[in-house]
Amino acid sequence: MAADSQIQLKTRDEIECLRRANAIVYEVLMTLQELVRPGITTKELDRKAEELTLKHKAQAAFLGYPAHSKNVAPFPGTICASVNECIVHGIPNDHPLREGDILSIDYGCKYQGWYGDSAITVPVGQINAQASKLLEVTQKSLNLAIEECQPGRRIGDISNVVQQHVEINGFSVVREFVGHGIGRNLHEPPHVPNFGRPGQGRIIRPGLVLAIEPMVTAGSFESRVLADGWSAVAKDGSLAAHFEHSVAITENGPLILSRP
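Rules used throughout
Throughout this document, residue positions are counted from 1 along each chain, in the order its sequence is written. For this predicted model, a pLDDT threshold of at least 70 governs which residues receive local features, and a threshold of 80 or more governs which side-chain atom pairs are given and counted, while totals over whole chains, interfaces and linings are taken from all residues. No hydrogens and no water enter the side-chain calculation; it runs on all heavy atoms of the structure. Buried Ala, Val, Leu, Ile, Met, Phe, Trp, Tyr and Cys residues that are joined via side-chain atoms within 4.5 Å together make up what is termed a nonpolar core. In this scheme, a residue with accessible area under 20% of its type's maximum is buried, one over 50% is exposed, and one in between is partly exposed, where area comes from a 1.4 Å probe on protein chains only. The way it works is that DSSP assigns letters per residue, a run of H or I at least four long becomes a helix, a run of E at least two long becomes a strand, and they are numbered from the N terminus. Any two residues whose heavy atoms approach within 4.5 Å at even a single point are treated as in contact. To estimate the expected span of a helix, subtract one from its residue number and multiply by 1.5 Å. DSSP bridges decide pairing: two strands pair if at least two such bridges lie between them. Working convention: axes come from line fits to C-alpha atoms, limited for helices to the stretch in contact. Angles between N-to-C directions cover 0 to 180 degrees. Salt bridges are defined by distance alone: a side-chain nitrogen of Lys or Arg within 4 Å of a carboxyl oxygen of Asp or Glu.

Draft legend 1. Spatial organisation of the nonpolar core. Counting residues in hydrophobic clusters, the biggest one holds 54 residues, and the most contacted among them are Leu103, Ile158 and Ile212. Among the elements that line this core, the one with the most residues is helix α3 (residues 129-147), at 8 residues. When near neighbours in sequence (up to four residues on either side) are disregarded, leucine 103 contacts Val36, Thr42, Leu45, Ala81, Ser82, Val83, Leu97, Ile120, Thr121, Val122 and Val124. Counting 14 residues, the second largest nonpolar core, distinct from the first, contains Leu18, Trp114, Ala248 and Leu257.

Below, the structure is given as structure tokens:
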């Protein structure tokens, strides 16, 4: 984990710049959510996201993002489109979505030098009770995490409230992937795990901006990456959900940048 000196606290003006980038993210995600239906492909959703990104004179944050391994090509999509057991980093493709699927859409952009990042998981038509509960619990865990973003509290308080809410509802939090700081770079320190002990980790200070993103499965927390080098799926094949907001910590508490 990076040293405190590497964490860049943002000024009010810089937070406003981040808010403008995240306003684009919000518009794109809400547009894509309205388009989700049985029969549409994630490639079609990706093309729409690309079109809207260009319209706003922004840059897609994920397109061309380098892989951890030199043997894996950079990420090829404007969005990450993760269906059913895919947790994160799903590559958009030409397979039509089916009634009863759930789809996680993760989108980020760079606008005037600053990044925005957010994610939603949406139903495709009618979904079953387990899938519906998974979405509800994951989204609620994000809301609870944001409530913990108060000056003087610690990263572990965010992590713990997510884990507690998820596990008391019979689901699991993914360990391998975590939230992060955000600013002039898409990924900045500190890491924000979705599991941990309260009162541990870095102190939350005004000016800190975090991308908080619970990733939750209906089964085991274990994950694996597919042969494409990107798509991370639940190892046991269980359903997965992912919600994310970019959040600035102010003297008065959390300010969610990726929604109006």
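So, next bit.
Draft legend 2. Representation of unusual backbone geometry in the model. With an omega dihedral of 10 degrees, the bond running from proline 189 to proline 190 counts as a cis peptide bond. Residue position: proline 190 is located in strand β8 (residues 188-192). One non-glycine residue, glutamine 112, lies in the positive phi region at around 50 degrees. Along the polypeptide, glutamine 112 turns up in the loop between β4 (102-111) and β5 (114-123). On the basis of relative accessible area, glutamine 112 is assigned to the exposed category, the value being 56%.

Draft legend 3. Layout of the environment of glycine 64. Structurally, glycine 64 can be placed in the loop between β1 (59-60) and β2 (79-83). Here the alpha-carbon distance between glycine 64 and proline 74, two residues 10 residues apart in the chain, equals 4.8 Å. Glycine 64 has contacts with Pro74 and Phe75, leaving out every residue within four places of it along the chain.

Draft legend 4. Layout of helix α1 (residues 12-35). Counted at 1.5 Å a residue, the expected span for α1 with its 24 residues is 34 Å, and the 35 Å between its end C-alpha atoms agrees. Of all the residues in α1, the buried ones are Ile15, Leu18, Ala21, Asn22, Ile24, Val25, Val28, Leu29 and Leu32.

Draft legend 5. Region of the structure containing the sheet that holds strand β15 (residues 253-256). The strand order across the open sheet built from 5 strands is β8-β7-β9-β14-β15, with neighbouring strands paired in antiparallel fashion. Sheet topology places β8 and β15 at the edges, where each strand pairs with a single neighbour. On average, adjacent strands in this sheet sit at an angle of 30 degrees to one another, irrespective of strand direction.

Draft legend 6. The pattern of salt bridges, seen in detail. Scanning all chains against the criterion turns up 7 salt bridges. With a shortest N-O distance of 2.8 Å, lysine 10 and glutamate 188 are connected by a salt bridge. Remark: glutamate 188 occurs in strand β8 and lysine 10 occurs in the segment before α1; sequence separation between them is 178 residues. The pair lysine 10 / glutamate 188 is uniform in exposure class, with both members buried. Of the charged contacts, one joins arginine 20 and glutamate 16 as a salt bridge, the two residues approaching to 3.6 Å between their closest N and O atoms. With arginine 20 and glutamate 16 both in helix α1, this residue pair falls 4 residues apart, about one helical turn.

Any functional reading would require information beyond the geometric quantities listed.
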